[in-house]
Amino acid sequence: MHEVALSEQVAAVARRAAGGRRVHSVRLRIGALRQVVPEPLAYAWEFTTAGTSLDGATLDVEWVPGRLRCPAGHESLMQGEFDVHCPRCGEVARIIGGEEFTVVDLSVSDSSGSPDSTGRPAPEEDA
Ligand SMILES: [Zn+2]
């Protein structure tokens, strides 16, 4: 249950960054090489945050593909999870992306204020 441990890490980071404010969403960047599976992660996040100060916060994940650069300087996306050969010349390439696991952004509001401090348009009213 790799995803539960990751969720707990993310929750800890989000809680510290929020500093007591209410968290609406957490934006994450996850590289393909981390082998995180979306559904178990979403489930683990719900399970980890239920009943805590993060209850109801959504997890917004930006998935980053694995990227390679070979000695000849060709950059490419990884074709398979464990294939580090350059698809253009067949040389063994270096991994230059896809190992990210970062909390990119948090959407928060003061616990006392309305949750509408994010610049969302006000609901329409009858004139
Ligand atoms: Zn190459």
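Residues numbered from 1 in each chain as written. Predicted model: local features only at pLDDT ≥ 70, side-chain atom pairs only at ≥ 80, totals over all residues.

A. Summary view of the environment of Pro 40. Checked against the element boundaries, Pro 40 lands in helix H2 (residues 38-49). Sequence separation between Pro 40 and Val 4 is 36 residues; the distance between their C-alpha atoms is 8.2 Å. (Helix = DSSP H or I, 4+ residues; strand = E, 2+ residues; numbered from the N terminus.)

B. Highlighting the sheet that holds strand S5 (residues 94-97). Strand order in this open sheet of 3 strands is S4-S3-S5, and the pairing throughout is antiparallel. Looking at which strands have only one partner, the edges of the open sheet turn out to be strand S4 (75-77) and S5. The mean angle between the axes of side-by-side strands here comes to 35°, regardless of whether they run parallel or antiparallel. (Pairing = 2+ DSSP bridges. Axes fitted to C-alpha atoms, helices over the stretch in contact; angles between N-to-C directions.)

C. Examining the UniProt feature "binding site: Ni(2+)" (unreviewed entry) in the protein chain more closely. Under the local residue numbering, the UniProt record ascribes the feature "binding site: Ni(2+)" (unreviewed entry) to His 2. Tracing the sequence through the fold places His 2 in helix H1 (residues 2-18). (UniProt positions renumbered as here; feature names shortened; annotations may be inferred.)

D. Representation of H2. With 12 residues, H2 should reach 16 Å at 1.5 Å per residue; the first-to-last C-alpha distance of 16 Å fits that figure. Taken together, the buried positions of H2 are Leu 41, Ala 44, Trp 45, Thr 48 and Thr 49. Viewed along the axis of H2, the buried residues span an arc of 110°, placing them on a single side of the element. Summarising the contacts, the buried residues of H2 are in contact with H1 and strand S2 (58-64). At the C-terminal side of H2, Gly 51 shows a positive phi close to 75°. (Expected span 1.5 Å × (residues − 1). Buried ≥ 20, exposed ≤ 12 C-beta atoms within 10 Å, placed from the backbone. Arc of directions from axis to C-beta. Contact = placed C-beta atoms within 7 Å.)

E. Representation of the packing of H1 against H2. At a minimum axis separation of 8 Å, H1 and H2 run at an interaxial angle of 55°. Taken together, the axes of H1 and H2 are oblique relative to one another. Seen from above, H1 lies across H2 with right-handed handedness. Residue-level contacts link Glu 3, Val 4, Leu 6, Ser 7, Glu 8 and Ala 11 of H1 to Pro 40, Leu 41, Ala 44, Trp 45, Thr 48 and Thr 49 of H2. Taken together, the residues of the contact of H1 with H2 sort by class into 7 nonpolar, 3 polar and 2 charged. (Parallel < 35°, antiparallel > 145°, perpendicular 65-115°, else oblique. Left-handed = near helix turned anticlockwise from the far one by under 90°. Nonpolar A, V, L, I, M, F, W, Y, C, P; charged D, E, K, R; others polar.)

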